[in-house]
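Coordinate inspection notes
Here is how the chains run, residue by residue.
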Amino acid sequence: MSRWRLPLLLSTALVGGGATAAELKWDGFFTSTYSITNTKSTYRDIVHDDGSFDDSRFGLHVVSDIHPLWRLEAQLFAAGYEDNYATRLDWGFASFHLSERLNLKFGKLKYPNNLVSEYYDVGLAYPWIRPPHEYYSLEEPSASITYESFSGASAIINRRSGDWDLVAQPFFGEVELAESDANISKFIGIKLSASNDLTELQASVAQGRINAEGHELDDQTKRIASLGMHTEWGSLVNYLEYAVTTFSDSEEARTKAGYITLGYHFGHTMPHITYAGFDQESGWGQQSVTVGVKQMLNPSTALKLEMQRITPQLNPEAGAEMASGLFMDVPEKTRVNAFSIAIDVVF
Amino acid sequence: MIKIKLLFAIFALATAFASSAAADMAIIVNPNNAVTKVSSDEVKRLYMGKTKSLDDGTRLIPIDYVDGSAIKQEFYDKVVGKPLDRIKVYWSRLTFSGHGRPPETLSDSARIKAWVAGNSDAIGYIDTTLLDGSVRAVLIVK
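Just so it is clear, the structure is predicted and the values come from calculations on it, not from any experiment. (Residues numbered from 1 in each chain as written. Chains lettered and ligands numbered in written order. Predicted model: local features only at pLDDT ≥ 70, side-chain atom pairs only at ≥ 80, totals over all residues. Heavy atoms only, no water.)

Here's the deal with the overall build of chain A
To keep it simple, the criterion reads: A run of H or I in DSSP becomes a helix once it reaches four residues, and a run of E becomes a strand once it reaches two; helices and strands are each numbered from the N terminus. The rule is simple: take the accessible area with a 1.4 Å probe, protein chains only, and divide by the maximum for that residue type; under 20% is buried, over 50% is exposed, in between is partly exposed. Residues are treated as being in contact if the distance between any of their heavy atoms lies within 4.5 Å. Here the accessible surface of atoms and residues is derived via Shrake-Rupley with a 1.4 Å probe, and residues count as covered only by protein chains that are part of the display.
Summing up its helical and strand segments, chain A has one helix and 18 strands in all. Across the 347 residues in chain A, those meeting the buried criterion constitute 52%. For chain A, restricting intrachain contacts to residue pairs at least 6 apart in sequence, the fraction spanning at least 24 positions comes to 54%. Carbon together with sulfur atoms contributes 59% to the accessible area of chain A, which is approximately 15400 Å² in total.

Notes on empty space enclosed by the protein
Our working rule: Using a grid of 1 Å spacing that covers the protein atoms alone, one calls a set of points a cavity when a 1.4 Å probe fits there but cannot get out, and a pocket when the set is open and has protein on both sides within 12 Å along at least five of seven lines; lining residues are those with an atom within 4 Å of a point. Grid points are joined across faces, edges and corners, and a volume is the space filled by probe spheres set on the points. Residue polarity follows a fixed list, in which Ala, Val, Leu, Ile, Met, Phe, Trp, Tyr, Cys and Pro are nonpolar, Asp, Glu, Lys and Arg are charged, and the others, Gly among them, are polar.
Within this structure, the stated rule accounts for two cavities of 30 Å³ or more. Empty space within the largest cavity amounts to approximately 210 Å³. Along the walls of the largest cavity sit 21 residues, with A:Arg130, A:His133, A:Glu306, A:Gln308 and A:Ser340 positioned nearest its centre. Elements represented by at least two residues in the lining of the largest cavity include exactly strand 15 (269-280), strand 16 (285-298), strand 17 (301-313) and strand 18 (336-346) of chain A. Considering each element in turn, the lining of the largest cavity owes the most residues, three residues, to strand 17 of chain A. Of the residues belonging to the lining of the largest cavity, the class tally is nine nonpolar, seven polar and five charged. A volume near 70 Å³ is recorded for the second largest cavity. Around the second largest cavity, the lining residues are A:Trp91, A:Phe93, A:Lys105, A:Leu109, A:Lys110, A:Pro112, A:Glu118, A:Phe150, A:Ser154, A:Gln169, A:Phe171 and B:Ser97. Counting residues per element, the ones that place at least two in the lining of the second largest cavity are strand 6 (88-99), strand 7 (102-109), strand 8 (150-161) and strand 9 (164-176) of chain A. Here the lining of the second largest cavity is composed, by residue class, of six nonpolar, three polar and three charged.

Observations regarding the environment of A:Tyr34
Residue and element names in this part refer to chain A. Within the secondary structure layout, tyrosine 34 lies in strand 1 (residues 24-37). Along the backbone, tyrosine 34 and isoleucine 343 are 309 residues apart, and their C-alpha atoms lie at a distance of 9.4 Å. Here tyrosine 34 is in contact with Asp50, Gly51, Ser52, Phe53, Phe339, Ser340 and Ile341, once residues within four sequence places are set aside.

A word on the side chain of A:Asn238
Residue and element names in this part refer to chain A. Short version of the rule: Any N or O atom pair separated by 3.5 Å or less is treated as a polar contact, with the protein-specific requirement of one donor-capable and one acceptor-capable atom, and with residues adjacent in sequence counted only for side-chain atom pairs.
Mapped onto the elements of the fold, asparagine 238 is located in strand 13 (residues 236-247). Asparagine 238 gets classed as buried once you look at its relative accessible area, which sits at 9%. Looking at asparagine 238, its side chain comes within polar contact range of the main-chain oxygen of threonine 261, at 3.3 Å. Sequence-distant contacts of asparagine 238, defined by excluding residues within four places in its chain, comprise Met229, His230, Thr231, Ile260, Thr261 and Leu262.

Describing the pairing of strand 8 of chain A
Residues and elements named next belong to chain A. Here is the rule: The rule for pairing is simple: two strands pair if DSSP sees at least two bridges between them.
Here eight bridges tie strand 7 to strand 8, and the two strands are oriented antiparallel to one another. Along strand 8, the bridge assignment pairs lysine 108 with serine 151. Between the end of strand 8 and the start of strand 9, which pair antiparallel, lie two residues, with glycine 162 showing a positive phi angle near 65°.

Observations concerning helix 2 (residues 40-47) of chain B
Side chains of residues three or four places apart in an α-helix project in the same direction, reflecting 3.6 residues per turn. All names here are of chain B. The buried fraction of helix 2 is high, at six of eight residues. Listed in full, the buried residues belonging to helix 2 are Glu42, Val43, Lys44, Arg45, Leu46 and Tyr47. Within two residues after helix 2, glycine 49 carries a phi angle of roughly 75°, on the positive side.

Some thoughts on the nonpolar core
Using the following cut-off: In plain words, nonpolar cores are sets of buried Ala, Val, Leu, Ile, Met, Phe, Trp, Tyr and Cys residues tied together by side-chain atoms within 4.5 Å.
In this structure, A:Val116, A:Val122, A:Tyr136, A:Phe187, A:Tyr239 and A:Tyr259 are the most contacted members of the largest nonpolar core, which totals 47 residues. Formed by 34 residues, the second largest nonpolar core is a distinct cluster that contains B:Leu46, B:Ile71, B:Val80 and B:Tyr125.

Digging into helix 5 (residues 109-118) of chain B
Residues and elements named next belong to chain B. For clarity, the cut-off: An arc is given here, and it is the one of the directions from the helix axis to the C-beta atoms.
Residues of helix 5 that are buried include every one of Ser109, Ile112, Lys113 and Val116, and no others. Viewed end-on, helix 5 has its buried residues packed into an arc of 95°, placing them on one side of the element. Of the exposed residues in helix 5, the ones pointing more than 90 degrees away from its buried face are Ala110, Ala114 and Gly118. Tucked inside the fold, the buried residues of helix 5 contact strand 1 (25-29), strand 2 (61-65), strand 3 (104-106) and strand 4 (122-127). The distance from a side-chain oxygen at the start of helix 5 to the backbone nitrogen of alanine 110 is 3.2 Å, and the residue carrying that oxygen is aspartate 108.

Some details on the pattern of salt bridges
Note the threshold: Salt bridge, as applied in this entry: a Lys or Arg side-chain nitrogen positioned within 4 Å of an Asp or Glu carboxyl oxygen.
The final tally for this structure, using the stated rule, is 27 salt bridges over all chains. The salt bridge involving B:Arg101 is made with A:Asp27; its shortest N-O contact spans 3.0 Å. Of the two residues, B:Arg101 sits in the loop between helix 4 (84-95) and strand 3 while A:Asp27 sits in strand 1, which places them in two different chains. The class of A:Asp27 is buried, set by a relative accessible area of 11%. Residue A:Glu232 is joined to B:Arg93 by a salt bridge in which the shortest nitrogen-to-oxygen separation is 4.0 Å. Of this pair, A:Glu232 sits in strand 12 (residues 221-233) while B:Arg93 is found in helix 4, placing the two residues in two different chains. Note on accessibility: A:Glu232 and B:Arg93 belong to one class, buried.

Interpretation in functional terms is not warranted from these geometric data alone.
Right, here's the structure in full:
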């Protein structure tokens, strides 16, 4: 499907909502980020030693209840690191609210596993300027099987037990990787979560077959098992995630990734610290410590500052001129400092 | 001297009582709705989008105030137990992942009361001093 066909279909359905004359509701988010490193290097293709605004992004969300049981919903997205702010459909689906306990979704869906995958680009929604890269990245060891939304279906099954809300979210589909001929087929997984006012717990598994002709991982199945916990006990905030990623025919590519974040709310100000890392059997890896502060300027706007100390490990598979940690090149220093400032807005 | 102290004490007590009374909020529904009582937990779950109905299955649609409203800040502090900026963060997670939107908003208590009075499945909150026969109070939040 072309980049614009699905948005057009959705907008036609939304605007021409038939006899229901469904109302369109809009929301949006925006993050403007400046990042710079202290040594000649290119980090994740978006942070350079001469500074960059490429991590800035913008999203526009539209929803319409076309029927008491049916809702159409879509989100457009643009980012500096993606073809210079070319707008694309991030996700778009129809959801069927069968009952309080069961919701079905069909269309282009966001990968649900892990704590922040579904709102990875929405800066205001979490403490960091970006969620920990060692865990949430596009690289093959990532605990995310894809950033790209998948075409398929998902069920959200709810149940309440005492103070806890229990949710099972199975899903299946297929991922067309943008700007390449690669895709992920036989994509299937499930997220289980339990949450109350203070704590959110998650366990998830997913797998998909990689079809990328010419790539060493072509025709291999990537499997991910992950655990996550997010707590807000009074003013104390904690995020903790851990994942193991394996490939069907490559023991060397087996990767463990995880991070822990601790933060504390002092009124509208939240300082936080994060330790994150990934470690692949091949020797490839990276660790980082990030210290930051999130200052809420008003309920819809946050100012963030972060200092990150990154220790990359060379990927021997890639050769001396190739990637080290999540850098695109080998940095001149063995430890790299990155400084970032961002402003997040939702509207 | 004793009279002055006594008068001062009475004045202080009256002021404290008055300010306390002014801060009370009423959770309101339409008088045609069969609901006569709700719990604070049910109200919290409705306003946080965790459910669309009360424990007995009655479906209710919450209506809220726009940001910047003093009573909204007080409601989320007292009923939900979190300040407004954390509520906004919570809703940004749900909205931009397609898991739900916050309640629709109106600008002031008069509009909230009129909305609830005109919609049989609406639930809202207003200052108790604004209560009248057009709406039914189902919970008082002190």
